[in-house]
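A closer look at the structure
Chain residues, written in single-letter form:
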Amino acid sequence: MLRKHSYLKFVNTGILSLLLLWSISNGISSADEVQPGEAGERPVIDARTDILLKAMGNYLKSSPQFSFHADITFDEVMPTRQKIQYAASSNVAVHRPDMVYAERNADLGSKRFWYDGKIMTLMDMELGVYATEAVPDDIDSCMDHLMEKYGFSPPLVDLVYQDPYQILIENAQFGFYAGLHNVVGVRCHHLAFVQKDIDWQIWIEDGKQLVPRKIVITYKNIPESPQFTAVLSEWDLDAHLPDTLFNIDLADTKNLQKIKFMTITDAILDKSISEEQE
Amino acid sequence: MTLINKSISKTFIFRLSTIILVGNIILSINNSFVYGKSFGGHARVHVFASDFIDGSIHHSDRSKLLDETPGEENSGAIADKKKHKQYEAGKEVKAGSTHQESSLLPQEHMVNHQSIRQEKFQKHNKERQVFLHENWRDWEKNWRDYYIGLAVSANLGSTVDALPGQHTILKINDQDYYYSHGVFYVSSSGTYTVVPPPYGAVVDTILTNYNVVQKGDKEYLNSGGVFYQKTDDGFQVVAPPTGAIINKLPTYARSTLIDGELYYIFGDAYYQPAFQRGAPAFKIVKNPSVVIAPSAGSRLKELEKQTIVSRRNGLDEIARKEDELAVLDQKINDIKNRLRANNANTDDSLDTMLAIANEKENLVNLLEQLRSKREAEER
């Protein structure tokens, strides 16, 4: 009985000591690091993480023309809060500084997007409709314009911008290196970032070709935290893309019906008008 | 004595048993005969026998069979039954033959019976077509497969002999409707016709496959193109909310071009497609092919608006002319001053002053006219 009591006492003391050591070590490490949000506007990005992300950004930036394929899954949250996962596959082609083509074939419909430096066209294959608008004359301005005026962007738009690193890091509050991990058999640097409304991860190929191989976005402020996952493949950074790829052939639209874009302002006006009519 | 009694009683029991057995056999033969006749008279061909499917596991409880044969409560059907009995009493039913009327009846009976049924069916059909047309515009096109689109096996316009066990009776505009498992029915000649949801109906439950649509601060539940609003008593069927935007069209919405613009039609709603945030969205709009005559109220408002604009324009013109008059007065004063000072070309100054004086006179007359006109309009 006495021996048992002594044994229990020893175990308890051991556990307490371990807890104490753990809390001290945590205290020391947290004194060295600045947690997200505590440092005002200054993000806390681990040096290696920042270097790798910048290297990837510069690698894409250095290519005047490139294309890639993406296999995407994304969650939709039902009113019952159940998450339903849908899939899509995308092909994206970029010709800097003023041409982009993207197509997306998803469970929820297929779309094609053209931008030729003057005109942007969006087509919904399922419904057989398209809309076209004049837009700014370089990729960065056009992508900003699309988001500000029409509330959308082509798939994986962060990689389409002139400087992907600046776009990706812009709102990051915290970033760290998560390890060397495989994506479809390719060894990658796994980086993780925290932003105000999302957490995101990126897997950058470990090798000469510093391309992103996977991107995961978690919408943490949306109920049930839905995720977007894209596995990227078929990177071609020496692509010779024909100009015709970025121009919609009007003959293709013969059997399609032209519709309009609803701007964000339209939606606000519609709402206010309908409220007045109530 | 005891033995005799026992023997008598045994014989009695045996005979009694035999009588009962034979009686039962006769009775069963008789019963089967009666059943056979009755079956012949009540033969029904189930056009389709499908379960209610509402698309959710929770609501997977089965309902009754749907049947497209007309009801049998009218005199025509009773007369038919008598004919069948008379005929079948003198004929044999061959073993293995089907229980369908056509295999039992001679040709003239069959034609007569079928023609009566046909006539009855056509009458019912006409009645329900009229009712549907009066209540739901272009229902065959605009409400096509509404219930099928909701994964419910009920064909609009079709008829059932009996309602599902659990149903609710609703009265809307003096018309009785029946509601069960998401399907609305009306009664006609003892049968029940599947109809689209009537506006104003309030039901306890709706099918679970709906989407929430927000318009202003109001919330609607869109169940395959039919809009419900929550009330204290349940869910009320309401008209499609004009101006609301939905992301998914009803399954069987049809497209149409009006003045070169694409629209989709389902039920009473017109949907105008547009890309919203990169995805097709559909705004509920008023019928674009109908030019709506302005109401008395809106005409009055328009007149008021025109009056305000006209008054403003009139006052503006008077103000402008007054300014011009002031300028002319100033010019006359300047000339007068110059003449007094003898430092101007006298003839030129006089001529100019006379011209200005004439102009002023004209302007004063014009101003007077404008003011009179303005006063008349004000009156």
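Residues numbered from 1 in each chain as written. Chains lettered and ligands numbered in written order. Predicted model: local features only at pLDDT ≥ 70, side-chain atom pairs only at ≥ 80, totals over all residues.

**Quick word on the overall build of chain A**
Note the cut-off: Secondary structure elements follow DSSP: runs of H or I of four or more residues count as helices, runs of E of two or more count as strands, with numbering from the N terminus. Three exposure classes are used, based on other C-beta atoms lying within 10 Å of a residue's own C-beta, which is placed from the backbone: buried for 20 or more, exposed for 12 or fewer, and partly exposed in between. With C-beta atoms placed from the backbone, a contact is any residue pair whose C-beta atoms sit within 7 Å.
Across its full length, chain A holds five helices and 14 strands. Per-residue burial for chain A yields a buried fraction of 27% across its 278 residues. When contacts within chain A are restricted to residue pairs at least 6 apart in sequence, those whose partners lie at least 24 apart make up 47%.

**Examining the confidence of the model for chain A**
Quick note on the threshold: Known as pLDDT, the predictor's per-residue confidence is scaled from 0 to 100.
Scored by pLDDT, chain A comes out at a mean of 85, with 81% of its residues at no less than 70. Contacts of residues 272-278 of chain A to residues separated by more than four positions or lying in other chains number six contacts, the stretch itself having pLDDT below 50.

**Brief notes about the sheet that holds strand E6 (residues 202-203) of chain B**
All names here are of chain B. Rule in force here: A pair of strands is considered paired only if DSSP assigns at least 2 bridges between the two.
One open sheet accounts for five strands, arranged E6-E10-E9-E8-E7; its pairing is antiparallel. Whereas interior strands pair on both sides, the edge strands pair on one side only; in this sheet they are E6 and strand E7 (211-215). Sheet analysis places strand E9 (residues 226-231) next to strand E10 (residues 234-238), joined by five bridges and oriented antiparallel. Across the sheet, residue glutamine 229 finds its bridge partner in E10, namely glutamine 236.

**Quick look at the pairing of strand E10 (residues 199-205) of chain A**
All names here are of chain A. Across the seven residues of E10, five count as buried, placing the element largely inside the fold. Once strand E9 (residues 186-194) ends, the chain turns through four residues before running back antiparallel as E10. Pairing geometry for E10 and strand E11 (residues 212-218), over six bridges, is antiparallel. Looking at E11, one finds that tryptophan 203 is bridged to lysine 214.

**A look at unusual backbone geometry**
Residue A:Pro97 is bonded to the preceding A:Arg96 through a cis peptide linkage, with omega at 10°. Turning to its location among the elements, A:Pro97 is positioned in the loop between strand E3 (83-95) and strand E4 (99-106). Positive phi values are uncommon outside glycine, yet B:Ala151 reaches one of about 65°. Note that B:Ala151 resides in the loop between helix H5 (146-149) and strand E1 (159-160). Judged by the 16 C-beta atoms lying within 10 Å of it, B:Ala151 is partly exposed. Here B:Asn173, not a glycine, exhibits a phi torsion of approximately 50°, which is positive. Considering the arrangement of structural elements, one finds B:Asn173 in the loop between strand E2 (168-172) and strand E3 (175-180). B:Asn173 sits in the exposed class, given 9 other C-beta atoms within 10 Å.

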